[in-house]
Amino acid sequence: MTAAAEVVRLESTLDTSHVRARQPPLSLEAVGVSKRFGGLAALDSVDFKLTPGSFHALLGENGAGKSTLVKCIMGFYQADEGKLLVGGQPITVKSPKEAQRHGIGMVYQHFTLVENMSVAENLVLSRADVPRIIDWKKEKRELEEFMDEMPFRISPERLVRKLAAGEKQKLEILKQLYVGSRIVILDEPTSVLTPQEADEVLGMLREMAYQGRVSVAMITHKFREVVAYSDEVTVLRRGKLAGTGKTRDLTPEAMAEMMVGAEVPRASLERRELEGAAKFFELDKLSANDDLGLKVLEEVSLSVAAGEIVGIAGVSGNGQDELVEVLAGQRPTSSGSVRVDGKDYTPTRAQMRQRRVRLLPEAPLKNACVGNMSVAENIGFRCYDEPPNTSLGWLVRGSALRSRARAAIQEYGIKAPGPDAPIAGLSGGNVQRAVLARELTGEVNVLIAANPCFGLDFAAVSEIRTRIMAARNSGSAVLLVSSDLEEIFALSDRILVMSEGRIVYESKASEANMADIGRHMGGAHH
Amino acid sequence: MEGVDASSIGIWGVPLAVLGGAIRISTPFLFVSLGECITEKSGRVNLGLEGTLVMGAMSGYGVSYLTGSAWLGVLAASAIGALLGALHGFLCGRPRVNDIAVGIALMLFGIGLAFFLGKPLIQPSAPRLPSIPFGFFSDSPQVRSALEVNVLFLVGLALAPALRWALANTRSGMVLRVVGEGAEAARAMGYDVLQVRLLATVVGGALAGIGGSFLSLFYPGSWNEGLSSGQGLMAVALVIFARWDPVRCLYASLLFGGASALGPALQSVGVTSGYYLFNAAPYALTLLIMVLSSSATEASADMPAELSVSR
């Protein structure tokens, strides 16, 4: 098990002396909540019960209905059926403001702080009753007193822009306590944090729950966090309640089965070993600058053998995006070189074709497609200017592209109205399938994939991972950049960690250790 | 300065004239840039303030002529400015409407409308705004004329620090900044972003209208079609130059006003060569300061994050 298991339960150290004359946390109950969008039942008679002073995890795949449930509680949506109870009393919530009046606050996946304002300004502004004229002396004194009571403090003077991601998330949580929320709902609060920052934030939340300040409900899909921090767990699957119970009574396997259901088989990622694979794709001391001219990649050297997947882990914003941009030809290098099979490679269209380098960028609709062009045209981007898709060497034959696209739609199971439909109308998974169809058709020497499964549902994820593995097994050198450690572990043969534009850690996947990787992601190499 | 003879001022006439010019010429710059500062703090750019300025000048002059009260003229100019601001704010509140494009359209609309409605106002003379003779102590006509300070300038002088204080210490100021720095955050706090921006554009338009009335009712003090030589547009640039701070808007306006007075001041002491060159001083100065103060990283820090040019 991971470091998570080592986290000591705080029950024994529960210190009631912190509990002053403050409002006790509340229970929250949703009974038989249903919500439909058009013909789709996003929530189907779901029950959810949050015990006062507990830490409750709400688990489920993308599209399982977690966010819809929470949005019904917060008043973003009105449930079609069912009722809400806070502290046993039925309530109706029509807006987040009303939810706040009932003591329910929410921390979103993305920060809702104002970057260019100070911590103090952000806190004071979040109150329901901002005074007409603000007496900063008095406010600062009260903020100091408030911070003194909290398990974590951030200087009120600091500018939010200058805080680290973990501090911002803690500030979001402090903000909820500051405005007097007694139920805090969090939507994947750790998605932008390092594992260490995540542990600190979640540890602080749990302490607050045990001190009797708040009841916590957290949306997540990370088992590690569920097991280490939550008391109770509720699992949703396809809009229905799939199971609920005390976390300590459930194994991760049991929860996983609730999440994905027994009927969906996990994709078997069969690895085939290739004999004597030479170094195939090499980066030699590659450096590049960001948009402001600051060094963002520092002498990155790595190599990927044919038939190998090398995974690059790291907290987003440490140069991974720029590395992919460099390899995709979207960003100039300042020094260093790239070689494919020993030959120099610069990412031009001609060389990509010649060296058979293919790309699966992040957010494919934005980075790999033209939204208003058709599925057939998008699938044809790599080959529309070659025979048999051209006549006379310059005239593009739409019929040839369409028949190619029809074949791809069939083979990759792309759900599209037809080859002439604009690609922007497809769902995220189907856009990624179309890009896969384009990039993996024909012989592929090098495949560069960046967060290829981000935001996709379970079926699409397993299929896309299977395709990437198949490319590896047929001899492609695969460089996988992902912020999802689970994905890195599922696919990679070798794991590298990138931090501050450098490769700071390397290990075989079979020998890699989550704690080590987490430490290096967080900058332990200093 | 007591008892100094006019002719003995000599070369000192230049800084004195520049000072006087700074006070006189800066007033429209000051009002328009304070107005634009408020609008831009909300995350929206109103490029139409040149049109608002000219409409303010025309309507202020017209109302002053008809009622015999220059102050009623100022009031009318600010009302017309608020109306034009409301039009901009309303149009930009529609989906998929770009504030820059609307601003340019409203600038041309305002100028055209003012010229059309203002035709009969070119001949008659309207009552002008009063001024306070701070130069009473001196016998020197240069000193007296330089220190002939209009009340509107004093209002602007007080308004700049008041605005800076309000942005940091009042609820309205904070809400304005939140809307300009993070619309999502503002919505999450339950503020109506479009409403705040509409109000900010209305207030900005009203201030620009007052700036226009200064042109026709004090300096130069009559209505004609060549009254504004792009002050409204330059004031918008001044806001960037002042990095969205009202007090720096004041300094920038004074600097600009002073630079504009350099040409005439030099001419008055007999330096006539390069007259047109010195008249271009404000523009050269803007370019120079922009180049010196610009930085790849720092300039953007003060810029409201929601401005459509920064997104």
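See the structure shown above.
Now for a quick tour of the structure. Just so you know, the residues in each chain are numbered from 1, in the order the chain's sequence is written. Note on labels: chains are lettered from A, ligands numbered from 1, in written order. Reporting of local features is limited, given that this is a predicted model, to residues whose pLDDT is at least 70; pairs of side-chain atoms are given and counted only at 80 or more, and all residues count toward the totals for whole chains, interfaces and linings. Processing note: side-chain calculations cover all non-hydrogen atoms of the structure and skip hydrogens and water entirely.

### Things to note about the overall build of chain A
Then, number 1: Regarding its fold elements, chain A presents 17 helices and 22 strands.
Then, number 2: Here chain A has a C-alpha radius of gyration of 25 Å; the compact-globule value for 526 residues is 24 Å, and the two agree.
Then, number 3: For chain A, buried positions account for 52% of its 526 residues.
Then, number 4: The contact rule is simple, with two residues in contact once any of their heavy atoms fall within 4.5 Å. For chain A, the proportion of contacts with a sequence separation of at least 24, taken over those separated by at least 6, is 69%.
Then, number 5: Accessible surface computed for chain A: about 23500 Å², of which carbon and sulfur atoms make up 50%.
Then, number 6: Under the convention used here, Asp and Glu are negative, Lys and Arg are positive, and both His and the chain ends fall outside the count. Charge positions are represented by NZ for Lys, CZ for Arg, CG for Asp and CD for Glu. In chain A, the 65 positive side-chain charges and the 69 negative ones have mean positions that sit 4 Å from each other. Counting from the N terminus, the helices are DSSP H or I runs at least four residues long and the strands are E runs at least two residues long. In this setup the radius of gyration rests on C-alpha atoms only. A globule is expected at 2.2 Å times the number of residues raised to 0.38. Working definition: with a 1.4 Å probe on protein chains only, accessible area under 20% of the residue-type maximum means buried, over 50% means exposed, and in between means partly exposed. In these tables, accessible area is a Shrake-Rupley quantity obtained with a 1.4 Å probe, and a residue counts as shielded only by the protein chains included in the view.

### A word on the sheet that holds strand β15 (residues 343-344) of chain A
Residue and element names in this part refer to chain A.
Then, number 1: Pairing between strands requires that DSSP locate at least two bridges from one strand to the other. Strand order in the open sheet formed by four strands is β12-β11-β14-β15, with antiparallel pairing between adjacent strands. In this open sheet, the two edge strands, each paired with only one partner strand, are β12 (295-305) and β15.
Then, number 2: By the bridge criterion, two bridges tie strand β14 (residues 335-340) to β15 in an arrangement that is antiparallel. Opposite Val 340, over in β15, you have Lys 343 as the bridge partner.
Then, number 3: An axis is simply a line fitted to the C-alpha atoms; with a helix, the fit covers only the stretch in contact. Between two such axes, the angle follows the N-to-C directions and lies from 0 to 180 degrees. Sitting on the sheet, helix α9 (residues 320-328) is in contact with β11 (279-289), β12 and β14, with an inclination near 115 degrees to β11.

### Concerning the side chain of Thr 170 of chain B
Residues and elements named next belong to chain B.
Then, number 1: Turning to its location among the elements, Thr 170 is positioned in the loop between α6 (151-169) and α7 (171-181).
Then, number 2: Thr 170 gets classed as buried once you look at its relative accessible area, which sits at 10%.
Then, number 3: Any pair of nitrogen or oxygen atoms within 3.5 Å is treated as a polar contact; in protein, a donor-acceptor pairing is required on top of that, and neighbouring residues in sequence qualify only through side-chain atoms on both sides. In this structure the side chain of Thr 170 is engaged in a polar contact, spanning 2.7 Å, whose partner is the backbone oxygen of Ala 166.
Then, number 4: Within the local environment of Thr 170, its side chain forms a polar contact with the backbone nitrogen of Gly 173, the two atoms lying 3.1 Å apart.

### Quick word on the packing of helix α2 (residues 49-67) of chain B against helix α4 (residues 99-118) of chain B
Residue and element names in this part refer to chain B.
Then, number 1: Where α2 meets α4, the closest approach of the two axes is 7 Å, and the angle between their N-to-C directions is 20 degrees. Between α2 and α4, the angle falls in the class roughly parallel. Along this stretch, α2 crosses α4, giving a crossing that reads as left-handed. Judged by residue contacts, Glu 50, Gly 51, Val 54, Met 55 and Met 58 of α2 engage Leu 106, Met 107, Gly 110, Ile 111, Leu 113, Ala 114, Phe 115, Leu 117 and Gly 118 from α4.
Then, number 2: Gly counts as polar in this scheme, as do all residues outside two lists: the nonpolar Ala, Val, Leu, Ile, Met, Phe, Trp, Tyr, Cys and Pro, and the charged Asp, Glu, Lys and Arg. In terms of residue class, the contact of α2 with α4 is made up of 10 nonpolar, three polar and one charged. Throughout, the term roughly parallel applies to angles under 35 degrees, roughly antiparallel to angles over 145, roughly perpendicular to angles from 65 to 115, and oblique to all others. Working rule for handedness: look at the near helix, and if it is turned counterclockwise from the far one by less than a right angle, call the crossing left-handed; if clockwise, right-handed.

### Focus: α7 of chain B
Then, number 1: Counting buried positions along α7 of chain B gives nine out of 11 residues, so the element sits mostly inside the fold.
Then, number 2: Restricting attention to buried positions, one finds in α7 of chain B the residues Gly 173, Met 174, Val 175, Leu 176, Arg 177, Val 178, Val 179, Gly 180 and Glu 181 of chain B.

### As for empty space enclosed by the protein
Then, number 1: As defined here, a cavity is a set of points on a 1 Å grid over the protein atoms alone where a 1.4 Å probe fits but cannot get out. A pocket is an open set with protein on both sides within 12 Å along at least five of seven lines, and residues line them when an atom is within 4 Å of a point. Grid points are joined across faces, edges and corners, and a volume is the space filled by probe spheres set on the points. As enumerated under the stated definition, the model contains five cavities of 30 Å³ or more in all.
Then, number 2: Around the largest cavity, the lining is made up of 18 residues, and of these Gln 100, Met 106, Lys 175 and Gln 176 of chain A together with Ala 188 of chain B lie nearest the centre.
Then, number 3: Put simply, the parts of the chain that give the lining of the largest cavity at least two residues each are α2 (96-101), β6 (104-107) and α5 (165-178) of chain A together with α8 (183-188) of chain B.
Then, number 4: Here the second largest cavity defines a volume of roughly 40 Å³.
Then, number 5: Considering the residues around the second largest cavity, the lining is formed by Asn 46, Gly 48, Thr 52, Leu 84, Gly 85, His 88 and Leu 106 of chain B.
Then, number 6: Here the lining of the second largest cavity takes three residues from helix α3 (residues 70-93) of chain B, the largest share from any one element.
Then, number 7: The class makeup of the residues in the lining of the second largest cavity is two nonpolar, five polar and no charged.

### Topic: the interface of chain A and chain B
Then, number 1: Contact with chain A, which involves 16 residues of that partner, is made by 19 residues of chain B.
Then, number 2: With both sides pooled, the region where chain A packs onto chain B buries about 1700 Å², and carbon together with sulfur makes up 60% of that total.
Then, number 3: Among the residues of chain A in contact with chain B, Asn 116, Leu 125 and Arg 132 of chain A are the three that bury the most area, contributing 28% of the side total.
Then, number 4: By definition here, a salt bridge exists when the distance from a side-chain nitrogen of Lys or Arg to a carboxyl oxygen of Asp or Glu is within 4 Å. The interface formed by chain A and chain B includes one salt bridge.
Then, number 5: A salt bridge links Glu 121 of chain A to Arg 177 of chain B, with the nearest nitrogen and oxygen atoms 3.1 Å apart.
Then, number 6: Considered class by class, the residues forming the side of chain A that touches chain B number 10 nonpolar, two polar and four charged. By buried area we mean the combined loss of accessible area, with a 1.4 Å probe, across both parts when two parts are placed together.

### Comments concerning the packing of aromatic side chains
Then, number 1: Pairing of aromatic side chains here covers Phe, Tyr and the six-membered ring of Trp, requires ring centres within 6.5 Å, and sorts the geometry by plane angle: under 30 degrees stacked, over 60 edge-to-face, intermediate tilted. In total, this model carries six aromatic pairs over all chains according to the counting rule given.
Then, number 2: Relative to Tyr 178 of chain A, the ring of Phe 146 of chain A lies with its centre 5.3 Å away and its plane at 75 degrees, an arrangement referred to as edge-to-face. Here Tyr 178 of chain A lies in helix α5 and Phe 146 of chain A lies in helix α4 (residues 136-149), a separation of 32 residues in the sequence.
Then, number 3: Its relative accessible area of 14% is what places Phe 146 of chain A among the buried residues.
Then, number 4: Judged by relative accessible area, which is 16%, Tyr 178 of chain A ranks as buried.
Then, number 5: Aromatic side chains Phe 29 of chain B and Phe 256 of chain B sit 5.2 Å apart centroid to centroid with 80 degrees between the ring planes, which places their arrangement in the edge-to-face category. Of the two residues, Phe 29 of chain B sits in helix α1 (residues 13-41) while Phe 256 of chain B sits in helix α11 (residues 246-268), which places them 227 residues apart along the sequence. Judged on exposure class, the residue Phe 29 of chain B and its partner Phe 256 of chain B are both buried.
Then, number 6: One cation-aromatic arrangement involves Arg 467 of chain A over Tyr 412 of chain A; the distance from NZ or CZ to the ring centre is 3.9 Å.
Then, number 7: The side chain of Arg 128 of chain B reaches across the aromatic face of Phe 218 of chain B, ending 5.5 Å from its centre. Cation placement over rings: the criterion is NZ of Lys or CZ of Arg within 6 Å of the ring centroid and within 35° of the ring normal.

### A look at helix α3 (residues 119-126) of chain A
Then, number 1: Within α3 of chain A, eight of the eight residues are buried, which leaves it mostly tucked inside the rest of the structure.
Then, number 2: On its buried face, α3 of chain A sits against α2, α4 and α5 of chain A together with α6 and α7 of chain B.

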